[in-house]
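Observations on the three-dimensional arrangement
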Amino acid sequence: MILGIDTSLGTAVAAIARDGEVLADEQSGNPLGHAEVIGDLLVRATAGAPAPTHVAIGMGPGPFTGLRVGIATARVYALGRGVPVVPVPSHDGIALGVLLSDALTGGDSGRFAVVTDARRKEFAYSVYEGIDDDGLPVRVSGAQLSPRDDLDARLDAAGARRYEATTVSAAMIALAAARALDAGRTLADSEPLYLRSPDVVAAHAPKRVS
């Protein structure tokens, strides 16, 4: 079983079998209350599922505080269970959901950009086109920040249709991790995709008073 956790937008926890069967899928759309709900979602998602063999973590892009809650929870849970973590870009999970929907409906999204709200009148976006032989989205360009008023022009230049997402499926994060494991691939490193420095920084040394 692979447990997926993502807090890049709302809070989502899911459990899937290695073949992709969704065993549990829990989520909260509240973009701020990650710490308040993630424990309950984790309990519900794992209640009827086998013990996990891996924990898949959505690495963003997303706000600093929200991502830290999900990543810290996933790492601590994996450590307690003695299982490895599998980092996955959150936009990859969204893109995988789009492409699987195409496969079911006969649609063709072509080249598209997953767009998520980065706040402060900015958006994060990643460009994808198609799915590869491992069943994973083909990432044309990784996550970038764009001012709100420049985004459409950037996507036009990239030839990408805009797909705006307000949630991330933890089941798709877990499925991307499962397919990456099967293919022996690494989708992301261990550093979160913040794209922007945190608001709070360490204080400078106090000025000397004489």
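See above for the structure.
These notes cover the structure that comes with them. (Residues numbered from 1 in each chain as written. Predicted model: local features only at pLDDT ≥ 70, side-chain atom pairs only at ≥ 80, totals over all residues. Heavy atoms only, no water.)

1. With respect to the pairing of strand 4 (residues 54–58)
A regular strand carries its side chains on alternate faces of the sheet. In terms of burial, strand 4 is largely enclosed, as five of its five residues are buried. Of the two faces of strand 4, the one lined by His54, Ala56 and Gly58 and the one lined by Val55 and Ile57 are each fully buried. Pairing geometry for strand 1 (residues 2–6) and strand 4, over four bridges, is parallel. Residue isoleucine 5 lies in a different strand from strand 4, and its bridge partner there is isoleucine 57. With four bridges connecting them, strand 4 and strand 5 (residues 85–88) associate as parallel partners. (Buried < 20%, exposed > 50% of the residue type's maximum accessible area, 1.4 Å probe, protein only. Helix = DSSP H or I, 4+ residues; strand = E, 2+ residues; numbered from the N terminus. Pairing = 2+ DSSP bridges.)

2. Focus on the pattern of salt bridges
Per the stated rule, a full pass over the model turns up nine salt bridges. The partner of aspartate 149 in a salt bridge is arginine 148, and the shortest N-O contact between them spans 3.5 Å. When its relative accessible area of 65% is taken as the criterion, aspartate 149 is described as exposed. Counted as one network, the salt bridges with shared partners bring together Asp132, Asp134 and Arg185. (Salt bridge = Lys/Arg side-chain N within 4 Å of Asp/Glu carboxyl O.)

3. Looking at the nonpolar core
Counting residues in hydrophobic clusters, the biggest one holds 30 residues, and the most contacted among them are Ile2, Ile16, Val88, Phe112, Val114, Ala176 and Leu187. Top contributing element to this core by residue count: helix 5 (residues 170–183), with 10 residues. Dropping the residues within four chain positions of it, valine 114 is found in contact with His91, Ile94, Ala95, Ala124, Tyr125, Ser126, Tyr128 and Tyr163. Ile5, Leu67, Tyr77 and Val83 belong to the second-largest nonpolar core, a separate cluster that totals 22 residues. (Core = buried A, V, L, I, M, F, W, Y, C linked by side-chain atoms within 4.5 Å. Contact = heavy atoms within 4.5 Å.)

4. Thoughts on the sheet that holds strand 5
As summarised here, the arrangement of the five strands in space is 3-2-1-4-5, forming an open sheet in which the pairing is mixed. At either margin of the open sheet sits one strand with a lone partner, and together these are strand 3 (22–28) and strand 5. The mean angle between the axes of side-by-side strands here comes to 15°, regardless of whether they run parallel or antiparallel. As judged from the five bridges shared by strand 1 and strand 2 (residues 11–16), these two strands associate in the antiparallel manner. Paired with leucine 3 across the strands is alanine 15, a residue of strand 2. (Axes fitted to C-alpha atoms, helices over the stretch in contact; angles between N-to-C directions.)

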